[in-house]
Each structure stands twice: as C-alpha cells, then as structure tokens.
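Here are the chains, one letter per residue:
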Amino acid sequence: MLTSRLPGRVEPYKLAAHAEHLEGLVALADLPRLAEEVGAQQGDARVWLDFTIDAQGRRVISGHLEAELQLPCRRCLSPMAQDVASDFLLGMVTSDALAADLPSTHEPVLVEHDQLNLLGVVEDELILSLPQVVYHDEADCAVSRDQLSSGAGSDASDAPSKSPFDVLKHLKGKT
Ligand SMILES: [Zn+2]
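Residues numbered from 1 in each chain as written. Predicted model: local features only at pLDDT ≥ 70, side-chain atom pairs only at ≥ 80, totals over all residues.

Draft legend 1. Here's a closer look at the overall build of the protein chain. For the protein chain, the count of helices and strands is five helices and seven strands. Ordered by position from N to C terminus, the α and β elements of the protein chain give β-α-β-α-β-β-β-β-β-α-α-α. A total of 175 residues make up the protein chain; the buried ones form 23% of that total. Of the contacts formed within the protein chain by residues at least 6 apart in sequence, a portion of 52% connects residues at least 24 apart. (Helix = DSSP H or I, 4+ residues; strand = E, 2+ residues; numbered from the N terminus. Buried ≥ 20, exposed ≤ 12 C-beta atoms within 10 Å, placed from the backbone. Contact = placed C-beta atoms within 7 Å.)

Structure follows, in structure tokens:
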C-alpha cells in the first residue's frame, strides 16, 4: 500500500540514468485542470513510475496510475464513483519540435531545465483516462428514464428548478 507522496517535480534525466523507480500518492485536490473537466475531487491517485534509458538511448518513463473519481452522471448530473486506471509510456523531450521524433507508442513529456513537472504529467494522464460518459444504473439515478421521456418530475436533491429538459439541453450543449 502506498503511503508517501509523489514529488511534484523531479530531475528525470538523473532518475533515468539510475533506472529509478518512484511510487506514491497524488492528492486529486491539487489538480485544477482535472477539476475543470469533472468537478472537484477528493482522495488520492496512486502512481507507479519507472525511469529508464531504453535500447535506442531514449529517456523514458513507463507508468501506471489508479484513482477513484467522482464523475458527473450524464443523466442526473450528480457525482458517481468511478475507478479509472491507465498504463502509459512517456518519452522525455527538451522541446516540442523533438516530440515529432518519438515513435507513436510514446507520449512526449517536456523536460525544461532538467526538471519535470510530475504533478502535471499525472494530471494529463488522469484526464486522458476519463471515460467519455458515465451513467448511474437506472435504479440509482435521480433522473429515471420515465421522467426523461414524459417530462414529469424533477431532481429535487440539489437543483429543484431543474427540469429533465434542462438536463437534455445540457447534454446537447456538451456535444
Ligand atoms: Zn444519474
């Protein structure tokens, strides 16, 4: 079980040269772009990272992350717990131009002044691993299919004025 925090910034070339392994927790509340996508989050992501120099001499990071997020149900818009996980392979580059040299199996990460913003990397990977849409099971959802089709009733829990049609409008606006 992970208990320590992942450092927010590292010197990735040094870590790769020593084939270091890093693992730790990242507080989801520290990830503002994730909050912009799916609302404020609590708890931690669990992250495992291996820094290496591969056979082609590339500095790479292979990683895995897991988190339980609260994602808005696209029918009733109230949050529901959803496990996300991701495996990824990152190639370190010192400029955007060099990213084009990486094979398509590698995602580029920008290393500036020998520093890598690990928090930003974890946030990017979490956002990439988000499911397109999530729905409650019908029995658990505040908006039932009947309400959506008949227009009767509403979700009174947090938005008493919201009609199911507003929900539909919202869905249309998003796509
Ligand atoms: Zn729902």
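Draft legend 2. Layout of unusual backbone geometry. Even without glycine at this site, Ala 19 takes up a positive phi of about 50°. Positive phi is not limited to glycine here, since Leu 77 has a value of about 70°.

Draft legend 3. Here's a closer look at the nonpolar core. Counting residues in each nonpolar core, the largest one holds 24 residues, and the members touching the most others are Ala 45, Val 47, Val 122 and Leu 126. Contributing elements (two or more residues each) for this core: strand S3 (44–53), strand S4 (59–72), strand S5 (79–93) and helix H3 (118–128). Among the elements that make up this core, the one with the highest residue count is S4 (five residues). In this structure Leu 126 touches Leu 31, Leu 34, Ala 45, Leu 65, Ala 67 and Val 84, once residues within four positions along its chain are discounted. (Core = buried A, V, L, I, M, F, W, Y, C linked by C-beta atoms within 7 Å.)

Draft legend 4. Representation of the pairing of S3. Pairing analysis gives seven bridges linking strand S2 (residues 21–27) to S3, with the strands arranged antiparallel. Looking across to S3, one finds that Gly 24 is bridged to Val 47. Sheet topology places S3 next to S4; eight bridges connect them, and they run antiparallel. Note that in S4 the partner of Val 47 across the bridge is Leu 65. (Pairing = 2+ DSSP bridges.)

Draft legend 5. Main features of the environment of Val 26. Assignment of secondary structure puts Val 26 in strand S2. Assessed through the 24 C-beta atoms surrounding it within 10 Å, Val 26 is described here as buried. The sequence separation of Val 26 and Pro 7 amounts to 19 residues, and the corresponding C-alpha distance is 8.5 Å.

Draft legend 6. Quick look at the sheet that holds S3. On the basis of which strands lie adjacent, the open sheet formed by five strands has the order S2-S3-S4-S5-S6 and mixed pairing. A strand with exactly one partner marks an edge of an open sheet, and here the two such strands are S2 and strand S6 (107–110). Along the sheet, successive strands turn relative to each other by an average axial angle of 35°, direction set aside. Docked against the sheet, H3 engages S2, S3, S4, S5 and S6, running at close to 125° with respect to S5. (Axes fitted to C-alpha atoms, helices over the stretch in contact; angles between N-to-C directions.)

Draft legend 7. Examining the pairing of S4 more closely. In this antiparallel pair of consecutive strands, S3 and S4, the connection spans five residues, and Gly 57 shows a positive phi of 85°. Between S4 and S5, which follow one another and run antiparallel, lie six residues, and Leu 77 among them has a positive phi close to 70°.

Draft legend 8. Region of the structure containing the environment of Gln 41. Mapped onto the elements of the fold, Gln 41 is located in the loop between helix H2 (32–38) and S3. Gln 41 sits 14 residues away from Ala 27 along the chain, and the two C-alpha atoms are 8.9 Å apart. In this structure Gln 41 touches Leu 28, Ala 29, Leu 34, Ala 35, Leu 69 and Gln 70, once residues within four positions along its chain are discounted.

Draft legend 9. Inspection of the environment of Leu 69 at higher detail. With respect to the helices and strands, Leu 69 occurs in strand S4. Beyond its immediate sequence surroundings of up to four residues, Leu 69 is in contact with Val 38, Gln 41, Gln 82 and Val 84.

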